[in-house]
Amino acid sequence: MRIGYSFWGFLGPGVVDTPDGGRSHRRVLIDGIRSRGHDIVFLQRDRDRAETGLDLTGTYTWDDGFPDIDALFLEWRWPIPGRNTTPCATTGHTCDLHRQQALLDHYTHRVATPTVVWDKDQHVSGDDPLRRVSNVAVCEPALSPSPDAVSLLFPVADDAIAAADPAQLASSPRPLTLAYVGNQYGRDDAFDGFFAPTATAVDHVVAGKWTDTDRWPHVRFIGRIPFPEVQELYGTALATILLVPKRYARTGQMTQRLPEAVLAGCVPLCPATIHHADTLVPPELLIRNGADAVLRLQWLRDHAGRGEHADLLAGCLRLLRRFALTTQLDTVERVLDHLTTPAATPVTTLAGGYA
């Protein structure tokens, strides 16, 4: 199939001042889709070339018109006041939302092109009419997605999981006890309950965009860091705490921070309040509060580099396999096949996640 793919972000490292978490998995998924014989044309602006000078046009194709495609794949964009809701050419305006609507109008509604909406941030409301369009399938990166959505997780390259050596990762020097990489968006409650109290007891650092931090004067915030430095930071840290917004916790949606940390050998402590937390990390890494986190970190520091440390990382790598690229590609192809099959049953028959 020829798939028109819409995303607002980067395939390469991108710029520092961006919330684009898709950089960790977008190219993995796209290259995986192409490896199965499909062709992809990108339908949003080439931000790699325009904003960073990275020219990928020898490898990929962009088109700002309406080329012939067999299916439309949207990394869902939503209204952001003052940014993509303003008139075109306004200072600070980004045209991602306008372009997405134009793609929906032309492909999804006018010519009934099979359309996959990957709602990566859970912004498609439950009563959005798009959910009832017969040629549309909504996917969510959650273990328990919405009743009419299909679980499509953030993919991790199978080779990366297979190549990770838990003993080697455990033996690497870890001078920093606790690191968190990510932005504030909707994470205040989780930060209050887990990271902030832990930070009073251990050395730590928080990288990302955190603009309202007055109530945590003891926490060391260092701002956003270049994307390549994310793995470097995880590579020096003993552990991280997985913080997600409440809407993610309810559905068991885990961000790219889990595989990023695990593949760098940074042990992920997971709040038990996240749905399916017990399937994301070994039971020893579940925490109920900051006090639990401090105890786990003390144990990890005492056992750093030893067999028990390597065993925990091995357990994390085993659980990471449900995010494997091959599994997510199977989901994408299953959804596309379903949407393109004449007289197919409603896509809701594919909906669901992990029991």
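Our subject is the structure listed above.
**Re the sheet that holds strand β12 (residues 286-287)**
- Read across the open sheet, the 6 strands follow the order β9-β8-β7-β10-β11-β12; overall the sheet is parallel. Whereas interior strands pair on both sides, the edge strands pair on one side only; in this sheet they are β9 (221-223) and β12.
- As paired strands, strand β8 (residues 204-207) and β9 are joined by 2 bridges and run parallel to one another. The residue of β9 that forms the bridge with Val 206 is Phe 221.
- Here helix α10 (residues 290-303) sits on the sheet in contact with β7 (176-181), β10 (237-241), β11 (267-271) and β12, set at roughly 160° to β10.

**Focus on the nonpolar core**
- Phe 191, Phe 195, Ile 241, Leu 258 and Leu 280 are the most contacted members of the largest nonpolar core, which has 52 residues in total.
- Of all the elements, helix α6 (residues 188-199) adds the most residues to this core, at 6 residues.
- Residues within four places of Phe 195 in sequence aside, it is in contact with Leu 178, Ala 179, Tyr 180, Ala 190, His 204, Val 205, Val 206, Val 219, Ile 241 and Leu 243.
- Among the nonpolar cores identified, the runner-up in size contains 27 residues, and Tyr 5, Tyr 60, Ala 137 and Val 332 belong to it.

**As for the sheet that holds strand β4 (residues 115-118)**
- Strands sit in the order β2-β1-β3-β4-β5-β6 across an open sheet of 6 strands; the sheet is parallel. Only two strands of the sheet have a single partner each, and these edge strands are β2 (39-42) and β6 (150-151).
- When strand β1 (residues 2-6) meets strand β3 (residues 71-75), the two strands line up parallel, connected through 4 bridges. Pairing of Gly 4 across the sheet is with Leu 72, part of β3.
- The strands that helix α3 (residues 96-110) touches are β1, β3, β4 and β5 (136-140); relative to β3, the one it contacts most, it runs at about 155°.

**What to know about the packing of aromatic side chains**
- One pass over the structure, following the stated rule, counts 19 aromatic pairs.
- Seen from their ring centres, Phe 191 and Trp 210 are 4.6 Å apart, and the 45° between their planes marks the pair as tilted. Residue Phe 191 is found in helix α6, and its partner Trp 210 is found in the loop between β8 and β9; the two are separated by 19 residues along the sequence. For the pair formed by Phe 191 and Trp 210, the shared burial category is buried.
- One aromatic cluster in this structure is built from Tyr 5, Phe 7, Phe 42, Tyr 60, Trp 62, Phe 73, Trp 118 and Phe 154.
- Here Arg 77 stacks its cationic end above the ring of Trp 78, 5.0 Å away from the centre of that ring.

**What to know about the side chain of Arg 131**
- Examined against the element boundaries, Arg 131 turns out to sit in the loop between β4 and β5.
- For Arg 131, a relative accessible area of 11% puts it in the buried group.
- Only 2.8 Å separates the side chain of Arg 131 from the backbone oxygen of Val 124, close enough to count as a polar contact.
- Of the polar contacts made by the side chain of Arg 131, one reaches the side chain of Asp 148; its length is 2.7 Å.
- Those residues in contact with Arg 131 that sit more than four places away from it in its chain are Asp 119, Val 124, Ser 125, Gly 126, Val 138, Glu 140, Ser 146, Asp 148 and Ala 149.

How each quantity is defined
Residues numbered from 1 in each chain as written. Predicted model: local features only at pLDDT ≥ 70, side-chain atom pairs only at ≥ 80, totals over all residues. Heavy atoms only, no water. Pairing = 2+ DSSP bridges. Helix = DSSP H or I, 4+ residues; strand = E, 2+ residues; numbered from the N terminus. Contact = heavy atoms within 4.5 Å. Axes fitted to C-alpha atoms, helices over the stretch in contact; angles between N-to-C directions. Core = buried A, V, L, I, M, F, W, Y, C linked by side-chain atoms within 4.5 Å. Buried < 20%, exposed > 50% of the residue type's maximum accessible area, 1.4 Å probe, protein only. Phe/Tyr/Trp six-rings, centres within 6.5 Å; stacked < 30°, edge-to-face > 60°. Lys NZ or Arg CZ within 6 Å of the ring centre and 35° of its normal. Polar contact = N/O pair within 3.5 Å; in protein donor to acceptor, adjacent residues only side chain to side chain.

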